[in-house]
Amino acid sequence: MIQIYDKNTIKPTTNGKMVLLPNSCKLQATLNGSWILNMNHPTDSEGRWKYIEEESILSVPTFVGKGQLFRVNKLTKKDYSIDVVAYPIFFDAAKEVFLEDVRPTIKNGQEALDIMTSGTNFEGKSNISTSSTAYFERRNLLDAISGSDEPTFLQRWGGEILYDNYKIIINERVGGNYGAEIRYGKNIDGITYTVDMSDVVTRIVPVAYNGRTINGNIFVDSENINKYATVYTKEIVFEDVKLKQDIQGEPDENDIVCESQSDLEKALKKKCKEQFLEGIDLPAVSIEINMIKISDTNEYSDVKAIEMIGLGDTVKCRHKKLDITTEARAIEIEWDCIKNTVSSVKLGDTAQTYFEKVSSAVDAINSIVNSQSKTVMAEKIKGVLNAINTQLRYQKNVAQKQDVRAILFEDTDKESSTYGAMCLGTQGFQIANTRTQDGRDWDWKTAFTAEGGYADTLILGILSDRTGKNFWNLNTGEFQLASSVSVDGKGTLKTLAEDSLTQEQIFNLLTNKGAVKGIYKIGNELYINMSYIKAGTMALGGSQNDKGVLEIYDENDKLKAVMNKEGIQHYDAGETVPYHYRTEHCELHLKYRDFAGGGKEVCTATVEFMFAETTLSTEFLNYWMKYGSSAMKITASIKKIDSPGAPSSSGIYALGTFGVGDIELYFDDIRTPCIKVNVECSYINYGFNNLSPRYIAPNQLYLDVDIVY
């Protein structure tokens, strides 16, 4: 829930002045960088937008938690909406807290923050155990923590920042490793990735103290060495690995002293393996994921794990083509405060580009997306194209005249990137990338001669006969037949010959001159009779109503009902507020003391009840806050009445007047849902001592209330 508070509110503990219903509300947060909240709110008829003022406080859910406070810094009023820019409430410390002379001396992170925030509305939290010292003179608190002038908290103690309302968290490292893993390596709209091989080392030439190396094969290779197109070799000096005979005097505390050349080589190899375990053989990865763009594709499962990721969290990133796994952190996040989930995220610690220089495969089928199903289509074709382009990339583009009629090219090493065979000769060619089941020959799945050919998959642009009269453009969907009919890429039927059928003739052919029901014609317009439609499932709605919407109008062309992603909604005389869809039920209990009157006056009660939120459904509360009580119909009936007394020797009680009057729904000053009801109910007491009858209120009265919305 997104709420707004008065600008003078400090550490609110109650609900805000108004619940806002923005069009969009997103927090852009960068690790140890800027935090900016951008919101767009409609200028709604209920006037919610009027509560948005300069310096007012927004309460929104973020990856830090619910009810995160942001101070409005900038407003831009438009014709139909208002744009808002806000910053974390902790940024108020830049204006409110002035450190005239504060000197945390030999303190750890928590102690330093306690000193810096002492006597203010703000607080700090840190797990940094390192002790340090800094003198802050005539500095505001925010500048002293992370400003550009020396010294700052970050410069002296280090750490990473999270803002949590009036509290700043500066830990050695924010976020955590919660097992999130994603897979990437395809050209998918919504995922942008950079793989930087600049610092990758897959082959180490280890050198010990005094220039000693491994005898014979001087290299130590990574297990990932064959996963890249290039071997990345680097000499690394390990000065702490020493042969005993090279040491003069006492060795250093951390030296690895080797008795022999064999021991030295083992130590060097161990050092190299430690480097590989630390990831020296892995590229630096930077990945940007737009969850909205990718949410409706089959690849969404590859990144779904980061829906609820937080700033600084660690994610395992597996490159599908290279078959390597690296770790990256969430260094930038865009959080959708309405959906309370990640809308986009940037992973990694680098922003350099280098992938095109080292990738062993060619990017192919960019943006082949079916606009109706929103899924990446032609997956099989995409794989074939990738394979074709990859295989051709490995070969030399050289051709020379030969004195033979046929040539067989083959690579029988199954681990090779060029594994396969091609037979090329004067009669045609054959291509295979697998062997037969018995392994005795190649399984030639693709073959072409001068007479024709066959293949498992053909990827074409235009398929045409020799004259061009019959063709099919597979890129646009347009096709044409020599029988005088063509269809363009949009499905429009066109006639090619002057003697082609007229519309009237086509209608008569389809309907046997009107005898076959289902299609009928009035003038020049063709209609479909819904009574004759036979179909399976009709899809409506979808994430953006992209599957369609059904609208129903009355005789005056006023909208009456709509079926869309929200369900079934009824409208009254074209009003834009739906009603009569669901019913919320509650029971009210009135007691004797709630009634006024009695004696010669009938008894009435005007009672206000506050609902506990748990007694009302979330769906109803959201509807109420969005459309207001005017969009509802409220009815109440008396369920039970308890007599004020039992018959006795002094008289009897008879039920006289009763009924329910006006009922009102509203929110009180602290946004608590309430109901106000007027009831009339009187018993008449007839005395046996000839006293005049008098009105008496019931002992208890129970009401059933139904709210239709």
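Small disclaimer: the values here were computed from a predicted structure and weren't measured.

Applying the stated criterion across every chain, the model contains zero disulfides. Not part of a disulfide, Cys25 finds its nearest cysteine sulfur in Cys337, a span of 4.2 Å. Residue classification places Cys25 among the buried positions, given a relative accessible area of 0%.

Here we come to helix α5 (residues 261-277). Working note: α-helix, 3.6 residues per turn, so residues spaced by three or four point in the same direction. Under the 1.5 Å per step criterion, the end-to-end length of α5 is 24 Å for 17 residues, consistent within 8% with the ideal 24 Å. Along α5, the residues that are buried comprise Leu264, Glu265, Ala267, Leu268, Lys271, Cys272 and Phe276. Buried residues belonging to α5 abut β15 (203-208), β16 (220-221), β17 (233-238), β18 (241-243) and β19 (256-258).

Examined against the element boundaries, His41 turns out to sit in strand β4 (residues 35-42). Within polar-contact distance, the side chain of His41 engages the backbone nitrogen of Leu21 at 3.0 Å. With sequence-adjacent residues up to four places away left out, His41 is seen in contact with Leu20, Leu21, Pro22, Asn23, Arg48, Trp49, Ile52, Ser81 and Ile82.

For the rest of this paragraph, the subject is helix α2 (residues 109-117). Looking at α2, one finds that the buried residues are Gly109, Ala112, Leu113, Met116 and Thr117. End-on view of α2: buried residues confined to an arc of 120 degrees, all on one side of the axis. The positive-phi residue at the C-terminal boundary of α2 is Gly119, with phi of around 75 degrees.

Moving on to the sheet that holds strand β27 (residues 446-449). Sheet architecture is open: five strands sit in the order β24-β25-β26-β27-β28, paired in antiparallel fashion. Every interior strand has two partners, whereas the edge strands, β24 (406-411) and β28 (452-454), have only one. Across this sheet, the average inter-strand angle for adjacent strands is 5 degrees, counted without regard to direction. Where strand β25 (residues 420-425) lies against strand β26 (residues 428-432), five bridges are found, and the strand directions are antiparallel. Directly across from Met422, in β26, lies its bridge partner Ile431.

The topology assignment puts Ser343 in strand β23 (residues 341-347). Among the polar contacts made by the side chain of Ser343, one reaches the side chain of Glu334 at a distance of 2.8 Å.

Another aspect to go through is the pattern of salt bridges. With the rule as written, the count across this model stands at 17 salt bridges. The partner of Lys95 in a salt bridge is Asp92, with the nearest N and O atoms 3.9 Å apart. Of the residues examined, Asp92 reaches a relative accessible area of 3% and is grouped as buried. For the salt bridge of Asp255 with Lys242, the shortest nitrogen-to-oxygen distance reads 2.7 Å. Here the residue Asp255 occupies a position in the loop between β18 and β19, and Lys242 occupies one in strand β18, the gap between them amounting to 13 residues. Each of the two residues, Asp255 as well as Lys242, counts as buried. Each of Arg71, Asp92 and Lys95 takes part in a single network of salt bridges with overlapping partners.

Calculation criteria
Residues numbered from 1 in each chain as written. Predicted model: local features only at pLDDT ≥ 70, side-chain atom pairs only at ≥ 80, totals over all residues. Heavy atoms only, no water. Disulfide = S-S within 2.5 Å. Buried < 20%, exposed > 50% of the residue type's maximum accessible area, 1.4 Å probe, protein only. Helix = DSSP H or I, 4+ residues; strand = E, 2+ residues; numbered from the N terminus. Expected span 1.5 Å × (residues − 1). Contact = heavy atoms within 4.5 Å. Polar contact = N/O pair within 3.5 Å; in protein donor to acceptor, adjacent residues only side chain to side chain. Arc of directions from axis to C-beta. Pairing = 2+ DSSP bridges. Axes fitted to C-alpha atoms, helices over the stretch in contact; angles between N-to-C directions. Salt bridge = Lys/Arg side-chain N within 4 Å of Asp/Glu carboxyl O.

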